[in-house]
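Notes for the structure review
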Amino acid sequence: KREFRGFALTEVTDPLGARTLTYFHQSGGRDDSALGEYQDQSSVAKKGIPYRVDVIGSDTNYYRITLNKVEETQLHANGTYFPYISQTIVMNFEGLNSYRATAKQLTYDSTTGNLTKDTSLGEVTNVVFSAHSFTDVGSDSIYTHTTYASFANGNILNKPATLKITSDSAGNNRLRETQFSYDA
């Protein structure tokens, strides 16, 4: 059985000649791990999700590379999967050979698909595309913790109850907190 999984690579050129290259998961059949594709060979649900976006100037220099680590979790034995971006690294070159990079890690509730924790690691160095690894620089991390409201209507799952921004992973050192309420 053959299935169209979208294009592996798309290229958009603006009127001034700058290009944006977007690389998409194909759910097997290719091994582009050197370009940043993460564990795609046995993937079921990642097809069509971008794992890398390059912005190249009209001068042919790289200006930005965004690298998404796309993972998937099996939700049910019937073959239902939840694909999600667990990490994003943004490398800004600004037309130079060297870069400054930032990284973000994302944690989801696999039963609802809701984002529960957003870890902004700030500046990172030594980015390795194939391993999605890097070295965190300094102590500039910010953590955003989100809890979600429960409603009598069990179909409403995506309304936040609290949004807490902290300087520690455990969520104890609050920088800001917002609480939400909803009419029944």
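Criteria and thresholds
- Residues numbered from 1 in each chain as written.
- Predicted model: local features only at pLDDT ≥ 70, side-chain atom pairs only at ≥ 80, totals over all residues.
- Heavy atoms only, no water.
- Helix = DSSP H or I, 4+ residues; strand = E, 2+ residues; numbered from the N terminus.
- Buried < 20%, exposed > 50% of the residue type's maximum accessible area, 1.4 Å probe, protein only.
- Contact = heavy atoms within 4.5 Å.
- Core = buried A, V, L, I, M, F, W, Y, C linked by side-chain atoms within 4.5 Å.
- Phe/Tyr/Trp six-rings, centres within 6.5 Å; stacked < 30°, edge-to-face > 60°.
- Lys NZ or Arg CZ within 6 Å of the ring centre and 35° of its normal.
- Pairing = 2+ DSSP bridges.
- Polar contact = N/O pair within 3.5 Å; in protein donor to acceptor, adjacent residues only side chain to side chain.

Here we take up the overall build of the protein. Helix and strand counts for the protein stand at 0 helices and 11 strands. Walking the protein from its N terminus toward its C terminus, one meets helices and strands in the order β-β-β-β-β-β-β-β-β-β-β. Projecting the C-alpha coordinates of the protein onto the three principal axes gives extents of approximately 55 × 50 × 35 Å. Here the protein holds 184 residues, and the buried ones make up 35% of them. In the protein, the proportion of contacts linking residues at least 24 apart, taken out of those at least 6 apart, comes to 35%.

To continue, consider the nonpolar core. Ranked by size, the top nonpolar core spans 12 residues in total: Ile65, Leu67, Ile89, Met91, Phe93, Ala101, Ala103, Leu121, Val124, Val127, Phe129 and Phe134. Those elements that provide at least two residues to this core are strand 4 (62–76), strand 5 (80–92), strand 6 (100–108) and strand 7 (115–128). Ranked by residue count, the leading element in this core is strand 7, at 3 residues. Excluding anything up to four places from it in sequence, alanine 101 contacts Ile89, Val90, Met91, Gly122, Glu123, Val124 and Val127.

Once that is clear, we can look at the packing of aromatic side chains. All told, the structure shown has 7 aromatic pairs when counted by the stated rule. Taken together, a centroid distance of 6.4 Å and an interplanar angle of 55° make the contact between tyrosine 62 and phenylalanine 93 tilted. You can see tyrosine 62 sitting in strand 4 and its partner phenylalanine 93 sitting in the loop between strand 5 and strand 6, a full 31 residues away along the chain. Between the aromatic rings of phenylalanine 151 and tyrosine 182, the centroid separation amounts to 5.5 Å while the plane-to-plane angle is 65°, which identifies the pairing as edge-to-face. Highlighted residues: phenylalanine 151 in the loop between strand 9 (142–148) and strand 10 (160–166) and tyrosine 182 in the segment after strand 11 (174–179), separated in sequence by 31 residues. Accessibility expressed as a relative area gives 26% for phenylalanine 151, which makes it partly exposed. Residue tyrosine 182 is classed as partly exposed on the basis of its relative accessible area of 34%. Through pairs of rings, three or more aromatic residues link up here, namely Tyr62, Phe93 and Tyr99. In this arrangement the basic side chain of lysine 69 is found over the ring face of tyrosine 38, its NZ or CZ atom lying 4.6 Å from the centre.

Here strand 7 runs beside strand 9; their pairing, made up of 4 bridges, is antiparallel. For serine 120, the partnering residue across the bridge sits in strand 9 and is isoleucine 142. Across 6 bridges, the pairing between strand 9 and strand 10 is antiparallel. Paired with threonine 146 across the two strands is leucine 163, which belongs to strand 10.

Our next topic: the side chain of threonine 88. If you trace the backbone, threonine 88 turns up in strand 5. Within polar-contact distance, the side chain of threonine 88 engages the side chain of asparagine 68 at 2.9 Å. Non-local contacts of threonine 88, meaning those with residues more than four positions away in its chain, are made with Thr66, Leu67, Asn68, Thr102, Ala103 and Lys104.

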